[in-house]
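Each chain, letter by letter, is given below.
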Amino acid sequence: MEMGLLPDELLALYRQMVLIRRLEEKSTQLYTAGQIGGFLHLYIGEEAIAVGACKAIHPDDHLFTAYRDHGWAIARGLDPGRILAELLGKATGVSGGKGGSMHMASAEHHYWGGHAIVGAHLPLATGVGLAVQYREEDQAVLCVLGEGTTNIGYFHESLNLAALWKLPVVFLVENNQYGMGTQVARRQPCPTSLRRDVHTISPALPLTDKTFWKFTPESTRH
Ligand SMILES: Cc1ncc(C[n+]2csc(CCOP(=O)(O)OP(=O)(O)O)c2C)c(N)n1
Ligand SMILES: [Mg+2]
């Protein structure tokens, strides 16, 4: 990894990835045992994205994610015990036990969720980007989405305005080649990477799935 990180920093990142993996494994057990209500979308295999991205952004920056949010919550610095409590629907959870797996959030960490509706957070992130620009603040907005979300209208509306108004929003696409259980070639005629060409935005960074994370069918089991 050529990021100029010290061995201790790299070790800390690795520990965070392992922590995410262990929490996801425990979550599966609890879900199977019927102790977690609602849905449970796991982040197994994608840990490096959240850990790497959260290392790169500033604590004051804003973060929006889709529903595979446990790993992002950990990487953003939320308390793992309170994340687990949220999964179990306890009042001590990060969202007071009312959000569950897909709605982790923490105003203190500028982490605005955890969104279950595909693409719903993209206009919100764009709006926060507009607010930051309007107030002349020095923050960025990181908006994380799955590649399946590039098929949603909100994707195009949000990227269009963000590009037109030059908003400080980074859209990070987690391309695991599946939208839940549907393989990319079964639902769209072109690779996801071409979707950006309809908007005037920066080219995708070369963070390929091959380099940073590996998709396993198990990761979309729930
Ligand atoms: C508006 C909307 N349509 C459909 C769904 C059902 N749905 C849940 S996840 C998903 C696929 C999302 O794929 P992707 O963005 O690639 O995320 P991944 O599961 O790979 O992390 C769909 C269609 C939904 N939650 N919201
Ligand atoms: Mg996907």
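Scroll up to find the structure this text is about.
Keep in mind it's a predicted model, so treat the numbers as computed, not measured.

1. Some remarks on the overall build of the chain
The helix and strand inventory of the chain stands at seven helices and six strands. Ordered by position in the sequence, the α and β elements of the chain form the string α-α-β-α-α-β-α-β-α-β-β-β-α. Taking all 222 residues of the chain together, the buried fraction comes to 38%. Pairs at least 24 apart in sequence give 68% of the contacts found in the chain among residues at least 6 apart.

2. Comments concerning the site of ligand 1
Within the structure, ligand 1 sits among 14 residues, and Val118, Gly146, Gly148, Thr149 and Gly179 are positioned closest to it. Elements with a contribution of two residues or more to the shell around ligand 1: β3 (141-146) and β5 (178-179).

3. Focus: the sheet that holds strand β4 (residues 169-174)
Pairing in this open sheet of four strands is parallel, and the strands run β2-β1-β3-β4 from one edge to the other. The strands lining the two open edges of the sheet, one partner per strand, are β2 (111-114) and β4. When strand polarity is set aside, the average angle formed by the axes of neighbouring strands in this sheet is 15°. Here strand β1 (residues 62-65) pairs with β2 via two bridges, running parallel. Across the sheet, residue leucine 63 finds its bridge partner in β2, namely tyrosine 111. Where helix α5 (residues 121-134) meets the sheet, its contacts fall on β1, β2, β3 and β4, and the angle it forms with β3 comes to roughly 165°.

4. A closer look at helix α4 (residues 80-87)
Turning to α4, its buried residues are Ile83, Glu86 and Leu87. Down the axis of α4, the buried set is contained in an arc of 100°. They therefore lie on one face. At its buried positions, α4 is contacted by α1 (7-32) and α3 (70-75). Looking at the residues trailing α4, positive phi occurs at glycine 89, about 75°.

Conventions adopted
Residues numbered from 1 in each chain as written. Chains lettered and ligands numbered in written order. Predicted model: local features only at pLDDT ≥ 70, side-chain atom pairs only at ≥ 80, totals over all residues. Helix = DSSP H or I, 4+ residues; strand = E, 2+ residues; numbered from the N terminus. Buried ≥ 20, exposed ≤ 12 C-beta atoms within 10 Å, placed from the backbone. Contact = placed C-beta atoms within 7 Å. Near = placed C-beta within 6 Å. Pairing = 2+ DSSP bridges. Axes fitted to C-alpha atoms, helices over the stretch in contact; angles between N-to-C directions. Arc of directions from axis to C-beta.

So yeah, pure geometry; function would need other evidence.
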